[in-house]
Amino acid sequence: MIEISHVNKWYGPTFQVLKDCTTSVAKGEVVVVCGPSGSGKSTLIKCVNALEPFQEGQIILDGIKVNDPKTDLPKLRARVGMVFQHFELFPHLRIIENLCLAQEKVLGRSHGEAMAKGEKLLERVGLTVQANKYPAELSGGQQQRVAIARALAMDPIAMLFDEPTSALDPEMISEVLDVMVDLAHEGMTMMVVTHEMGFASKVANRVIFMDKGEIVEDALKTDFFGSPRSERAQQFLSKILSH
Amino acid sequence: MFDNLDFDVIRRSLPYLFLDGMGFTLMLTGLSALGGLVFGTMIALMRLSSYRLMGRIAGLYVDFMRSLPLVLVIFWFYFLVPYIGQWLTGASRPIRVGAFTSSLVTFIMFEAAYFSEIMRAGIQSISKGQPAAASALGLTYAQSMRYIVLPQAFRNMLPVLLTQTIVLFQDTSLVYVLSIPDFLGAASKVAQRDGRLVEMYLFAALVYFVISCVASYGVRRLQARIAIVR
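To keep things clear, this report deals only with the structure shown in the data block.

Conventions we followed
- Residues numbered from 1 in each chain as written.
- Chains lettered and ligands numbered in written order.
- Predicted model: local features only at pLDDT ≥ 70, side-chain atom pairs only at ≥ 80, totals over all residues.
- Heavy atoms only, no water.
- Pairing = 2+ DSSP bridges.
- Helix = DSSP H or I, 4+ residues; strand = E, 2+ residues; numbered from the N terminus.
- Axes fitted to C-alpha atoms, helices over the stretch in contact; angles between N-to-C directions.
- Contact = heavy atoms within 4.5 Å.
- Parallel < 35°, antiparallel > 145°, perpendicular 65-115°, else oblique.
- Left-handed = near helix turned anticlockwise from the far one by under 90°.
- Nonpolar A, V, L, I, M, F, W, Y, C, P; charged D, E, K, R; others polar.
- Phe/Tyr/Trp six-rings, centres within 6.5 Å; stacked < 30°, edge-to-face > 60°.
- Buried < 20%, exposed > 50% of the residue type's maximum accessible area, 1.4 Å probe, protein only.
- Salt bridge = Lys/Arg side-chain N within 4 Å of Asp/Glu carboxyl O.
- Core = buried A, V, L, I, M, F, W, Y, C linked by side-chain atoms within 4.5 Å.
- Expected span 1.5 Å × (residues − 1).
- Bend = angle between axes of the 7 residues up to and from the residue.

## Quick look at the sheet that holds strand β9 (residues 206–211) of chain A
Sheet strands associate in pairs through backbone hydrogen bonding, adopting either a parallel or an antiparallel arrangement.
Residues and elements named next belong to chain A.
Logical step 1: In space, the six strands of this open sheet follow the order β6-β7-β8-β3-β9-β10, with mixed pairing throughout. Two strands lie at the open edges of the sheet, namely β6 (80–83) and β10 (214–220), each paired on one side alone. The mean angle between the axes of side-by-side strands here comes to 15 degrees, regardless of whether they run parallel or antiparallel.
Logical step 2: Most of the contacts of helix α6 (residues 170–185) go to strand β8 (residues 190–193), to which it runs at about 150 degrees, and overall it touches β3 (30–34), β7 (158–162) and β8.
Logical step 3: Relative to β9, helix α9 (residues 231–241) is tilted by about 100 degrees, and along the sheet it contacts β3, β9 and β10.

## Focus: the sheet that holds strand β5 (residues 64–65) of chain A
Residue and element names in this part refer to chain A.
Logical step 1: A sheet is described by the order of its strands in space; here four strands give the open sequence β2-β1-β4-β5, paired in antiparallel fashion. Every other strand in the sheet has two partners, leaving β2 (15–25) and β5 as the edge strands with one partner each.
Logical step 2: Against the sheet, helix α1 (residues 41–48) touches β1 (2–11), β2 and β4 (56–61), its axis set at about 120 degrees to β1.

## Re the packing of helix α1 (residues 8–48) of chain B against helix α6 (residues 141–171) of chain B
All names here are of chain B.
Logical step 1: Contact pair α1 / α6: the axes reach a minimum separation of 10 Å and the direction vectors enclose 140 degrees. Between α1 and α6, the interaxial angle falls into the category oblique. The element α1 and its partner α6 pack so that their crossing is right-handed. Contact residues: Met22, Thr25, Leu26, Thr29, Ser32, Ala33, Leu37, Thr41 and Leu45 in α1; Tyr141, Met145, Leu150, Phe154, Leu161, Thr165, Leu168 and Phe169 in α6.
Logical step 2: A breakdown of the residues in the contact of α1 with α6 according to their chemical character gives twelve nonpolar, five polar and no charged.

## Digging into the packing of aromatic side chains
Residues and elements named next belong to chain B.
Logical step 1: The final tally for this structure, using the stated rule, is ten aromatic pairs over all chains.
Logical step 2: The interplanar angle of 15 degrees and the centroid separation of 5.7 Å between the aromatic rings of Phe75 and Phe79 together place this pair among those described as stacked. Placement of the pair is Phe75 and Phe79 together in helix α3 (residues 70–89), with a separation of four residues, close to one helical turn.
Logical step 3: The partly exposed category is assigned to Phe75, whose relative accessible area is 34%.
Logical step 4: Exposure remark for Phe79: the relative accessible area of 48% places this residue in the partly exposed category.
Logical step 5: Ring centres of Phe110 and Tyr114 lie 5.5 Å apart, and the angle between their planes is 40 degrees; on these two criteria the pair is classed as tilted. One end of the pair, Phe110, and the other, Tyr114, are both in helix α4 (residues 99–124), four residues apart, so they sit about a helical turn from each other.

## Here's the deal with the pattern of salt bridges
All names here are of chain B.
Logical step 1: Under the definition given, this model contains 20 salt bridges over all chains.
Logical step 2: The shortest N-O distance in the salt bridge between Arg11 and Asp8 comes to 2.8 Å. Placement of both Arg11 and Asp8 in helix α1 is noted, with a separation of three residues, approximately one turn of the helix.
Logical step 3: You can call Arg11 exposed: its relative accessible area is 53%.

## Observations concerning the nonpolar core
Residue and element names in this part refer to chain A.
Logical step 1: Counting 51 residues, the largest nonpolar core has Ile148, Met159, Phe161, Met180, Met190 and Phe199 as the members making the most contacts within it.
Logical step 2: For this core, the element with the highest residue contribution is α6, accounting for nine residues.
Logical step 3: Sequence-distant contacts of Phe199, defined by excluding residues within four places in its chain, comprise Val32, Leu177, Met180, Val181, Met190, Val192, Thr194 and Ala204.

## Notes on α3 of chain B
Residue and element names in this part refer to chain B.
Logical step 1: The end-to-end C-alpha distance of α3 is 27 Å, a good match for the 28 Å that 20 residues give at a rise of 1.5 Å each.
Logical step 2: Helix geometry: α3 is bent most strongly at Leu80, by close to 40 degrees, with proline Pro82 lying one to four residues after it.
Logical step 3: Of all the positions in α3, only Leu70, Val73, Ile74, Phe77, Val81, Pro82, Gly85 and Gln86 are classed as buried.
Logical step 4: Tucked inside the fold, the buried residues of α3 contact α4 and α6.
Logical step 5: Phi turns positive one or two residues past the end of α3, at Gly90, with a value near 70 degrees.

## Thoughts on the packing of α1 of chain B against helix α2 (residues 52–66) of chain B
Residues and elements named next belong to chain B.
Logical step 1: Packing of α1 against α2 leaves a shortest axis separation of 7 Å and a crossing angle of 130 degrees. By the angle between their directions, the pair α1 and α2 is classed as oblique. Taken as a pair, α1 and α2 cross one another with a handedness that is left-handed. Of the residues in α2, those touching α1 at Ile43, Met46 and Arg47 are Met54, Gly55, Ala58, Gly59, Tyr61 and Val62.
Logical step 2: Taken together, the residues that form the contact of α1 with α2 break down as six nonpolar, two polar and one charged.

Structure follows, in structure tokens:
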């Protein structure tokens, strides 16, 4: 589904954020990407739907080369859902309008169809009563659930999560993770940048550990939590699991 | 002091002052603001575009317009537009352009420079995550601008845009140099015809003052309301 091979990316002439990153996400697989801040994990996931350009290597998404200038990027992006750290709901639109806009303007669905789909997804994330509110009237956890519903409304073939719970208060993290766990159980292909190791151990198939722009470890979940091979991964795990 | 003043001249010329004069002023203000906003937004998008040359051209235009006195631009346009029209259409004589059209074109082009700076600030005030989220949903650049970025930029900048429009309302009085009967021009005509300069210019000042004050008050109210919503 997602093939990342030998991706190199530089900011400016000297600072290399991604170093020869190679990995893949198969259909129905849930892959968690973790690592210390500044390790390039967010950058990597944003390269997958070309929100960030990269200079070398290639990424193939459902058979389509992302970094090919001939690729119709809007069309490709419409097929992959993305959830951001800071939700990025559209503050000037009501919740239901947030869910309908791209369905109508990108997929060409009728307003009725889009509304029906939007309402169904709001129900699924438990926010039916909030449909006519504006994003600012919702809590962070609710906003992030709307953001997930907004991405799902496009019937994506895969979902990318960029630290979906990092900006949330602790008591709101679980309501968002619950939605993500359900998604994983339904067989959604997911690439998730997160520090939530509980989530990783519950639903991930594989865990990728990144440090300083490199993929240091790319292992099955059991191997990763059992005995990470690299010292850096061991240190990282002991730091985030110790408290 | 007011013994030899005749304020009845105002009452007698009210229909002319307001129906003709103020009508013209408001129409010129409204159309110029609308046109200036449309072109200004286009210039702002050009300035922010990743094509260097386009940004440079838009920047030059804005700097050029902003470093010329408005009266000069009004004059220039009035006398130049017929010749530019002739040159463009290849006609044998300068094209006749009415004073209204000429001043409208002038104000739209002049205001576009100022509105573009406001819209540019508005667009830059929107966090990068918003267009990124729009792109991630598959919206094109144009759709992202049209549905996500510009509506928010416009709403955030509405008080500033309206304040600029109040300034424009006052600036339209400069068309008097083309002898156009806008509100000030009409007042001035009556003043000279009836020899009532003090009365008419006092009254004109009062009218501009009241309208601008009320409008500014409205903008402040609006600003407070927007601040709460955000």
